[in-house]
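What the coordinates show
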Amino acid sequence: MVTSSDLDRSAILRESAAAVRHLARICFKTGPPTHTGVELEWTVHDAADPARPVDATRLRAALGRHSPATLDATSPAEPLRHGGMVTLEPGGQLEISTPPRPSVAALIRATEADIAQVTDLLAAAGLVLGSSGIDPHRRPRPVVETPRYRAMRGAFDRHGPAGRTMMYSTAGLQICLDAGEPDQVADRWAAAHAVGPPLLAAFASAARHAGRRTGWASARMAAWLAIDPARTRPVWSPSRAGDDPTDAWVSYVLAAPLLCLRRHSADWAAPPGVTFADWLDGALPQPPSTDDLDYHVSTLFPPVRPRGYLELRYLDAQPDRGWRLPLAVLTALFGDQGTVREAYTIATPVAHRWSAAARHGLADPALAAAAAGLLDLALTTLPRLELPASTHDEIRRGIRQRLAAAERRDQ
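Keep in mind that this is a model prediction, so the values were computed, not measured. Every chain is numbered on its own, with residues counted from 1 as its sequence reads. Only residues with pLDDT of 70 or above have their local features reported here, since the model is predicted, and side-chain atom pairs are shown and tallied only from 80 upward, although totals for entire chains, interfaces and linings are computed over all residues. Hydrogens and waters are ignored; side-chain quantities use all the structure's heavy atoms.

**A short note on the overall build of the protein chain**
On a plain count of helices and strands, the protein chain comes out with 17 helices and 10 strands. As defined in this context, the radius of gyration uses C-alpha atoms, and a globule is described by 2.2 Å times the residue total to the power 0.38. Taken over C-alpha atoms, the radius of gyration comes to 21 Å for the protein chain, in line with the 22 Å a tight globule of 411 residues would show. Dimensions of the protein chain, computed from the C-alpha atoms along their principal axes, are close to 60 × 55 × 40 Å. Whether two residues touch is decided by their heavy atoms; if any such pair falls within 4.5 Å, the residues are in contact. Residue pairs at least 24 apart in sequence account for 75% of intrachain contacts in the protein chain once pairs closer than 6 positions are excluded. Accessible surface, the protein chain as shown: approximately 16800 Å² in total, 51% of it carbon and sulfur. The distance from the centre of the 45 positive side-chain charges to the centre of the 44 negative ones in the protein chain is 5 Å. Secondary structure is summarised from DSSP: a helix means a run of H or I of at least four residues, a strand means a run of E of at least two, and numbering begins at the N terminus for each. Where accessible areas are quoted, they stem from the Shrake-Rupley method and a 1.4 Å probe; at the residue level, only the protein chains shown are allowed to cover. Positive charges come from Lys and Arg alone, negative charges from Asp and Glu alone, with His and the N- and C-terminal ends not counted. For this purpose, a charge sits on NZ of Lys, CZ of Arg, CG of Asp or CD of Glu.

Okay, here's the thing in structure tokens:
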């Protein structure tokens, strides 16, 4: 097990109070909400036969010096030209994580350039990026194997097959927003959760998996919801709207079972059912460190995860340039505190309906009505993003199309 003796900046945690203080320091970094980031995932396919498996060797050859260490331990893992980092999920899904930018326009420009670079690298190897939130052609299969991924698979298998579907077949779109000033955090935290179900419904793109229709608008979110509620359920809910965000997150983290334990071996399996709170209480031979706690946090996957900023994890991957639409919608909705509160008011009646959003999408009238309200609000505040005229017009048209679809479903 890796402990503080291996990591210079890691401190041993002797009591739960120390863990609480550590989490409270890092979960919400407050300040003016000016930066936005995005993390984009795609399934990767053979250009001629999208149902053909793509193995690690082919991905390694395509990505070259941009290959992550999980794919090639000798790779320099160079960033893309505009700073995006390439990683791979267990099923070979490719992810680009961007540095945060002070404007949405700058974020879009840099991200589009990095996507173009990756697209060219893949094209030279006869590969293309997918266009939906779950692999529509292939069944789940491992491509990248690490001790962490093997431990995850073992832990998720105890809950059924959904874990393998999530690990090997799904692709999401994550929007990262600043937590805001201290007096804004609670409102932004609540709104980030509340708008989740209607925006999941509006941008669901994962109805077909492994050659068949699934019966879900977002089979990707269905897989997440079926894995392990202790690490995937929302931290916030309307029934607990008054909870302090930091207290709620700390309780969530400490109550979650360990997914894996890092060791100097290939076996990272954790004892079933042991929570981080149990570890602090002496359930394992060695006490945890702050680094162990930080790593544990990285194994928790709620729809909104505080990482200093707010990481919104509930959207499906979008086709082509469609990722810019939910990015623009969310940044417009979170542009000022008044709009945040208005978005919260619109979404609160359906804020608990994660499963219905994943199952029915905009076919659910209540979700469609909330989605229409949010999209209309985003349209009114879109000019504040100060996008280039051509980008603004294209995104405006795309949002209007989504709005029209939501309004039709609401009737």
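**Observations concerning the pairing of strand β3 (residues 85-88)**
A simple rule labels every residue: compare its accessible area, found with a 1.4 Å probe on the protein chains alone, to the largest value its type can have, and call it buried under 20%, exposed over 50%, or partly exposed in between. Of the two faces of β3, only one is covered, namely that formed by V86 and L88; the face formed by M85 and T87 stays uncovered. Should DSSP find at least two bridges between two strands, the strands are regarded as paired. Counted along the chain from β3 to the antiparallel partner strand β4 (residues 94-97), the turn is 5 residues long, and its residue G92 has a positive phi close to 90°.

**Re the side chain of S205**
Among the secondary structure elements, S205 is positioned in the loop between α7 (196-202) and β7 (208-209). A residue is classified by how much of its surface remains accessible, and S205, at 17% relative accessible area, is buried. Not counting residues up to four positions away in its chain, the partners in contact with S205 are S132, G133, A217, D316, A317 and Q318.

**Side note on the layout of surface pockets**
Cavity and pocket criteria rest on a 1 Å grid covering protein atoms alone: a 1.4 Å probe that fits but cannot get out defines a cavity, protein on both sides within 12 Å along at least 5 of 7 lines defines an open pocket, and an atom within 4 Å of a point defines a lining residue. Grid points are joined across faces, edges and corners, and a volume is the space filled by probe spheres set on the points. Of the volumes computed, that of the largest pocket is approximately 770 Å³. For the largest pocket, the lining is made up of 34 residues, of which T87, E89, E95, R148 and Y149 are closest to its centre. Elements with a contribution of two residues or more to the lining of the largest pocket: β1 (36-42), β3, β4, α4 (147-157), α5 (162-169), β6 (172-177), α8 (219-225) and β10 (310-316). If one sorts the elements of the lining of the largest pocket by residue count, β3 sits on top with 4 residues. Tallied by class, the residues present in the lining of the largest pocket amount to 15 nonpolar, 9 polar and 10 charged. Lining the second largest pocket are 18 residues, with P33, T34, T331, G335 and L385 sitting closest to its centre. Three classes are used: nonpolar for Ala, Val, Leu, Ile, Met, Phe, Trp, Tyr, Cys and Pro, charged for Asp, Glu, Lys and Arg, and polar for all others, with Gly counted as polar. Classifying every residue of the lining of the second largest pocket by side-chain character gives 7 nonpolar, 7 polar and 4 charged.

**Concerning the sheet that holds β4**
Across the sheet, which stays open at both edges, the 6 strands sit in the order β3-β4-β1-β6-β10-β9 with antiparallel pairing between neighbours. The open sheet has two edge strands with one neighbour each: β3 and β9 (304-306). The average undirected angle you get between the axes of adjacent strands in this sheet is 20°. By the bridge criterion, 3 bridges tie β9 to β10 in an arrangement that is antiparallel. Within the sheet, the bridge partner assigned to V304 lies in β10 and is L312. Fitted lines through C-alpha atoms serve as axes, helices being fitted only where they are in contact, and the angles separating the N-to-C directions of these axes extend from 0 to 180 degrees. Where helix α3 (residues 104-124) meets the sheet, its contacts fall on β1, β3 and β4, and the angle it forms with β1 comes to roughly 25°.

**Some remarks on the pairing of β1**
Taken across its 7 residues, β1 has 7 buried, putting it largely inside the fold. The side-chain alternation of β1 yields two buried faces, one formed by T36, V38, L40 and W42 and the other by G37, E39 and E41. Note that β1 and β4 share 4 bridges and pair antiparallel. Residue pairing for β4: E39 is matched across the bridge by S97.

**Concerning the environment of E407**
Mapping E407 onto the fold places it in helix α17 (residues 389-410). The sequence separation of E407 and A368 amounts to 39 residues, and the corresponding C-alpha distance is 6.8 Å.

**Some remarks on the packing of aromatic side chains**
Note on aromatic pairs: the rings of Phe, Tyr and Trp (six-membered ring only in Trp) are paired at centre separations within 6.5 Å, and the planes decide the class, stacked below 30 degrees, edge-to-face beyond 60, tilted for the rest. In this structure the tally under the stated criterion is 7 aromatic pairs. Ring centres of W268 and Y295 lie 6.3 Å apart, and the angle between their planes is 75°; on these two criteria the pair is classed as edge-to-face. Taken as a pair, W268 in the loop between α10 (245-255) and α11 (276-280) and Y295 in helix α12 (residues 290-297) lie far apart in primary sequence, 27 residues in all. Think of it as a cone above the ring: NZ of Lys or CZ of Arg counts as a charge over the ring if it is within 6 Å of the ring centre and within 35 degrees of the ring normal. In this arrangement the basic side chain of R262 is found over the ring face of Y295, its NZ or CZ atom lying 4.3 Å from the centre.

**Some remarks on α17**
Between its first and last C-alpha atoms α17 spans 31 Å; for 22 residues at 1.5 Å apiece the expected length is 32 Å, and the two agree. Considered for burial, the residues of α17 that qualify are T391, H392, I395, G398, I399, L403 and A406. Down the axis of α17, the smallest arc covering the buried residues is 140°, so these residues share one side. Across α17 from its buried face, at more than 90 degrees, point the exposed residues A389, S390, R397, Q401 and R408. In this fold, the buried residues of α17 make contact with α3, α13 (324-333) and α16 (365-381). To estimate the expected span of a helix, count its residues, drop one, and scale the result by 1.5 Å. The arc in question is traced by the directions running from the helix axis to the C-beta atoms.

**What to know about empty space enclosed by the protein**
Tallying each qualifying case throughout the model produces 5 cavities of 30 Å³ or more. A breakdown of the residues in the lining of the largest cavity according to their chemical character gives 7 nonpolar, 4 polar and 4 charged.

**A word on the nonpolar core**
Each nonpolar core is a collection of buried residues, namely Ala, Val, Leu, Ile, Met, Phe, Trp, Tyr and Cys, held together in the definition by side-chain atoms within 4.5 Å. Among the nonpolar cores identified, the biggest contains 122 residues, and L94, L199, Y314, L330 and L333 are the most heavily contacted of them. By residue number, the principal contributor to this core is α16, which donates 10 residues. Look past the residues within four positions of L199 in its chain and what remains in contact with it is L315, V329, L330, L333 and L374.

**Remarks on the confidence of the model for the protein chain**
A residue's pLDDT is simply how confident the predictor is in it, with values from 0 to 100. Per-residue confidence for the protein chain gives a mean pLDDT of 95; residues scoring 70 or more make up 98%. Segment residues 1-8: pLDDT under 50, and 19 contacts once partners within four positions in sequence are set aside and those in other chains are kept.

**Description of the side chain of Q337**
Inspection of the secondary structure assignment puts Q337 in helix α14 (residues 337-347). With relative accessibility at 14%, the residue Q337 sits in the buried group. Residues in contact with Q337, not counting those within four places in the same chain, are D183, Q184, D187 and R188.

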